[in-house]
Amino acid sequence: MKHKITRRDFLNGAALSVAATAIAPYSSFSIGNTGNGKDYYPPTLTGMRGSHKGSFEAAHALVMGGQRPNEYEPVDNIYDLVVVGGGISGLAAAYLYKEQMGPDVKILVLDNHDDFGGHAKRNEFESSGKMLLGPGGSLNLEQFNLSPAADQLLKDIGIEFKTLQDAGPDDYALTNPEAPFGIYLSKDLYGKDTIISGDWQSTWSGDGSYEAMIKSLSLPESDTNKLITLVSGEQDYLSDIPLADKETYMRRTSYANFLYERVGLTKKAAKVTEPWVRAIWGVGIKSVSIMEALDSGAPGLNAMGLPDSVTQPEAPENPNAYRTPMFPDGNASVARLLVRKLIPQVAKGNSMEDLITSRFNYSQLDLDDSPVRVRLNSTAVNVVNRDKELVDISYVSGRRAFKVTGRNCILAGYNGMIPHLCPDMPEMQKQNLAYGSKVPFVSANVLLKTSAAMRKSGTSLYQCCNEFFELVTDAPPVDLGDYSVSTNSGDPMVMYMLHMPAPEGDDNQSGRDLCRLGRHKIMASTFADYEREIRQQLIGMFGTNGFDADRDIEAITINRWSHGYAYEYMDLHDPQWEPGQAPHELGRQPFGRISIANSDSEAYAYVQAAIDAAVRAVGERAK
Ligand SMILES: Cc1cc2nc3c(=O)[nH]c(=O)nc-3n(C[C@H](O)[C@H](O)[C@H](O)COP(=O)(O)OP(=O)(O)OC[C@H]3O[C@@H](n4cnc5c(N)ncnc54)[C@H](O)[C@@H]3O)c2cc1C
């Protein structure tokens, strides 16, 4: 879930200037899902998804052990473009290339997973004969933050933003930053399992009945009073720092240290501010600067002694300006719209409404006579400029190794993998590509036979302090086309739960170190580990409302994203590079007939970055 609150725009803008897994031998690889027959429909698969068995072994053998097949079987005629990576960036690149170069160009998209979409995957369930959807990872479209090119592409593939915005309820906090939500405090740390629902966004801004809201957390009196003072704005905690130096201080000081040392909060109280920060950054309040935490909606903006022009931005003319449209399966619908445009025979229809319940025919994805082909279960392991005209792309599928040739290639997977894919690339470019670290996440969708216990809590999104899953929410309650989400308490529902595995770490560990540790933790955890955590946490949260894990849980899909968000540079851990000199900018230069897309190449973990990267890469190749 990426969803920055509106403050980010002005905090980043002008206003402040005023002021390990073991490597299997190569031959032992097997893939989890083979074949492309008529029953092949990965969205309904449950259990361990995301980085599922069969999707990562070839890449890990290459990256960790330098292992590649000795020989590759050449297949297919020469393509005009081969795209490595079937996430939104790769699919957008294929779409834009086709648009610019004409309908007859031959394009192949390779992806290592058994489904397309990258993080934008669809989790589909059925309960009592009814379809229920959840997002496998990526959820919201920040319409207010799109580049003109991304905006145009999304409209061209059939997205009507206003209709989509209106299709969801006003009080769903994932789409409406003003909506109320719950804070869950567990018995383990806070002595009692409680959910306190209300307008926390206003509370953290020092508006409304913020004192009463903070008191309702039942923290020790000293913490309660300090939190109230923090949000009230009555005290300038940085009064010893001249206004001109405040930004530097706020970028160099960890938010956790600020809360402990200047505000005087205990760790337990400070944890209340953490879940959303972790959802945005993947790491905790110790690893983000004051500025980054405030940007993510954490409390304290009024307590820095900043001018009103910073703390009281003008309200947008349109009160819905910052509401984010969302599909019931999140951005999987963006991926599906792209695929249907590229390969119309996968599904009938031409609107976003008829897409939503449409069952794609995966057997149509990779047909000989189709100008565009999407080939799943295929991990690229070697990408080499053969000469000035052609690129050879070798990939592994199951136990077999193949080679295709393209006149152009766009790498839309992960930056960190490119140095291993392209051994001939200049060392400096490889180093720049390897700089960032993907931010790991686990997003689970839990199908519940009845929503009765959840409905009693009176809200639909929970920030869970110090819990395994720090964000728990109803899957998007969006009614679109024939798809509708029941709010009757007796009916089934899907809960979306987000886990950020990066540990708290110590002062010597950078954000990138913590992401790597989180990645190892994810890969070492089993489905049973996640299932246990889900059951325990839902019992803690909703047990007193009558939730019974044995009775109520019908299915679980774990989306394991060991390579999650693109790495965004962090105030505390990365230098400020001159424009054009940041590692992602130096690393993404074209290499022969190979260009680089994917959100890593924009160092920005959002759909719009994935599309912007595709626009740039296609601009380099469509000549
Ligand atoms: C849990 C989660 C929630 C998110 N929520 C949001 C959100 O709400 N809003 C938002 O804007 N963004 C969100 N994001 C960010 C998301 O990364 C982007 O929105 C976008 O989907 C990234 O697209 P991409 O194509 O750049 O990368 P990816 O989605 O990672 O796609 C790249 C694809 O290339 C494949 N690949 C890599 N290497 C190879 C290889 N060698 N051979 C073959 N295939 C390869 C990958 O496995 C993957 O399938 C979320 C991310 C996660 C993990």
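Since the model is a prediction, treat every value here as computed from it, not as a measurement.

Further remarks concern the overall build of the chain. Looking only at helices and strands, the chain has 26 helices and 19 strands in total. The globule rule puts the C-alpha radius of gyration for 623 residues at 25 Å, and the 24 Å found for the chain is close to it. Seen through its principal axes, the chain has C-alpha atoms that stretch 70 × 55 × 50 Å. Residues classed as buried in the chain amount to 61% of the 623 residues present. When the accessible surface of the chain is totalled, it reaches about 23400 Å², and 47% of it is carbon and sulfur. Within the chain, one finds 60 positive and 78 negative side-chain charges whose respective centroids are separated by 5 Å.

Before going further, it helps to spend a moment on the nonpolar core. It is characteristic of soluble globular proteins that their nonpolar side chains tend to be buried jointly. By size, the foremost hydrophobic cluster in this structure holds 71 residues, and its most contacted members are I183, L217, Y255, F258, L259 and V272. In this structure, L133, F327, A597 and A614 belong to the second largest nonpolar core, which totals 67 residues.

Burial of the side chains of strand 15 (residues 461–464) extends over both faces: L461 and Q463 are buried on one face and Y462 and C464 on the other. As paired elements, strand 7 (residues 181–185) and strand 15 share 3 bridges and run parallel to each other. Note on strand 15: the bridge partner recorded for Y184 is C464. Where strand 15 lies against strand 16 (residues 469–474), 3 bridges are found, and the strand directions are antiparallel. Within strand 16, the residue paired with Q463 across the bridge is L471. Here strand 15 folds back onto strand 16, and the loop between the two strands holds 4 residues, one of which, N466, carries a positive phi near 65°.

Before going further, it helps to spend a moment on the environment of F360. Inspection of the secondary structure puts F360 in the loop between helix 18 (352–355) and strand 9 (372–375). Accessibility expressed as a relative area gives 3% for F360, which makes it buried. Between the alpha carbons of F360 and A347 there is a distance of 5.2 Å; along the sequence they are 13 residues apart. Residues contacting F360, with those up to four places away along its chain left out, are Y41, F116, R336, V339, R340, V346, A347 and L355.

Its 14 residues give helix 22 (residues 511–524) an end-to-end C-alpha distance of 20 Å, which sits within 8% of 20 Å, the value for a rise of 1.5 Å per residue. The complete set of buried residues in helix 22 reads G511, R512, L514, C515, G518, R519, I522 and M523. Where helix 22 is buried, its residues meet helix 3 (57–65), strand 14 (439–448), helix 23 (527–542) and strand 18 (553–565).

Within this structure, the stated rule accounts for 18 aromatic pairs. Relative to F360, the ring of F116 has its centre 6.1 Å away and its plane inclined at 35°; by these criteria the two rings are tilted. Within this pair, whereas F116 is found in the loop between strand 4 (107–110) and strand 5 (122–127), its partner F360 is found in the loop between helix 18 and strand 9, the two being separated by 244 residues in sequence. Here F116 and F360 have matching classes, each one buried. Where Y462 meets F542, the ring centres are 5.3 Å apart and the plane angle is 75°; that geometry is what we call edge-to-face. Of this pair, Y462 sits in strand 15 while F542 is found in helix 23, placing the two residues 80 residues apart along the sequence.

On to the packing of helix 5 (residues 148–156) against helix 26 (residues 607–621), then. Close contact between helix 5 and helix 26 brings their axes to 9 Å; oriented N to C, the two are set at 100°. Judged by the inter-axis angle, helix 5 sits roughly perpendicular to helix 26. Judged by residue contacts, A149, A150, L153 and L154 of helix 5 engage Q608, I611, D612 and V615 from helix 26. Residues of the contact of helix 5 with helix 26, tallied by class, amount to 6 nonpolar, 1 polar and 1 charged.

Read from one edge to the other, the open sheet built from 8 strands follows the order 1-18-14-17-16-15-7-8, with strand pairing classed as mixed. Since the sheet does not close on itself, it has two edges, and those belong to strand 1 (47–50) and strand 8 (194–198), each with one partner. The mean angle between the axes of side-by-side strands here comes to 20°, regardless of whether they run parallel or antiparallel.

In spatial order, the strands read 9-4-3-13-19; together these 5 strands make up an open sheet with parallel pairing. Of all strands in the sheet, those with a lone pairing partner are strand 9 and strand 19 (594–596), marking the two edges. Between one strand axis and the next, the sheet turns by 15° as a mean value, whatever way the strands run. For strand 4 and strand 9, the ladder comprises 4 bridges, and the chain directions are parallel. The partner of I107 across the bridge, within strand 9, is V372. Across the face of the sheet, helix 26 comes into contact with strand 13 (409–411) and strand 19 while running at roughly 160° to strand 19.

Turning next to the side chain of T175. Topologically, T175 is positioned in the loop between helix 6 (161–166) and strand 7. Ignoring any residue separated from it by four or fewer positions in sequence, one finds T175 in contact with P169, Y322, R323, T324 and M326.

This paragraph deals with helix 17 (residues 332–342). Among the 11 residues of helix 17, 10 are classified as buried, and the element is accordingly described as predominantly covered. Check the buried side of helix 17 and you find it contacts helix 4 (88–101), strand 5, helix 5, helix 18 and strand 9.

Let us now look at the pattern of salt bridges. Enumeration over the complete set of coordinates arrives at 32 salt bridges. D366 is the salt-bridge partner of R375, the closest N and O atoms lying 2.7 Å from each other. For R375, a relative accessible area of 9% gives the class buried. A salt bridge links D550 to R535; the nearest nitrogen and oxygen atoms lie 2.3 Å apart. Of this pair, D550 sits in helix 24 (residues 549–552) while R535 sits in helix 23, and the two are 15 residues apart along the sequence. Given a relative accessible area of 60%, D550 falls into the exposed group. Residue classification places R535 among the partly exposed positions, given a relative accessible area of 26%.

It is worth spelling out the packing of helix 4 against helix 17 at this point. Between helix 4 and helix 17, the least distance of the axes is 10 Å, while the angle of their chain directions is 30°. Here helix 17 runs roughly parallel to helix 4, going by the angle between their axes. Considering how the two elements wind past one another, helix 4 and helix 17 form a crossing that is left-handed. Of helix 17, the residues touching helix 4 (which contributes I88, L91, A92, A94, Y95 and K98) are V334, A335, L338, V339, K341 and L342. Residues that form the contact of helix 4 with helix 17 fall into these classes: 10 nonpolar, no polar and 2 charged.

What counts and how
Residues numbered from 1 in each chain as written. Predicted model: local features only at pLDDT ≥ 70, side-chain atom pairs only at ≥ 80, totals over all residues. Heavy atoms only, no water. Helix = DSSP H or I, 4+ residues; strand = E, 2+ residues; numbered from the N terminus. Rg over C-alpha atoms; globule rule 2.2 N^0.38 Å. Buried < 20%, exposed > 50% of the residue type's maximum accessible area, 1.4 Å probe, protein only. Areas by Shrake-Rupley, 256 points an atom, 1.4 Å probe, with all protein chains shown as cover. Lys, Arg positive; Asp, Glu negative; His and termini not counted. Charge placed at Lys NZ, Arg CZ, Asp CG, Glu CD. Core = buried A, V, L, I, M, F, W, Y, C linked by side-chain atoms within 4.5 Å. Pairing = 2+ DSSP bridges. Contact = heavy atoms within 4.5 Å. Expected span 1.5 Å × (residues − 1). Phe/Tyr/Trp six-rings, centres within 6.5 Å; stacked < 30°, edge-to-face > 60°. Axes fitted to C-alpha atoms, helices over the stretch in contact; angles between N-to-C directions. Parallel < 35°, antiparallel > 145°, perpendicular 65-115°, else oblique. Nonpolar A, V, L, I, M, F, W, Y, C, P; charged D, E, K, R; others polar. Salt bridge = Lys/Arg side-chain N within 4 Å of Asp/Glu carboxyl O. Left-handed = near helix turned anticlockwise from the far one by under 90°.

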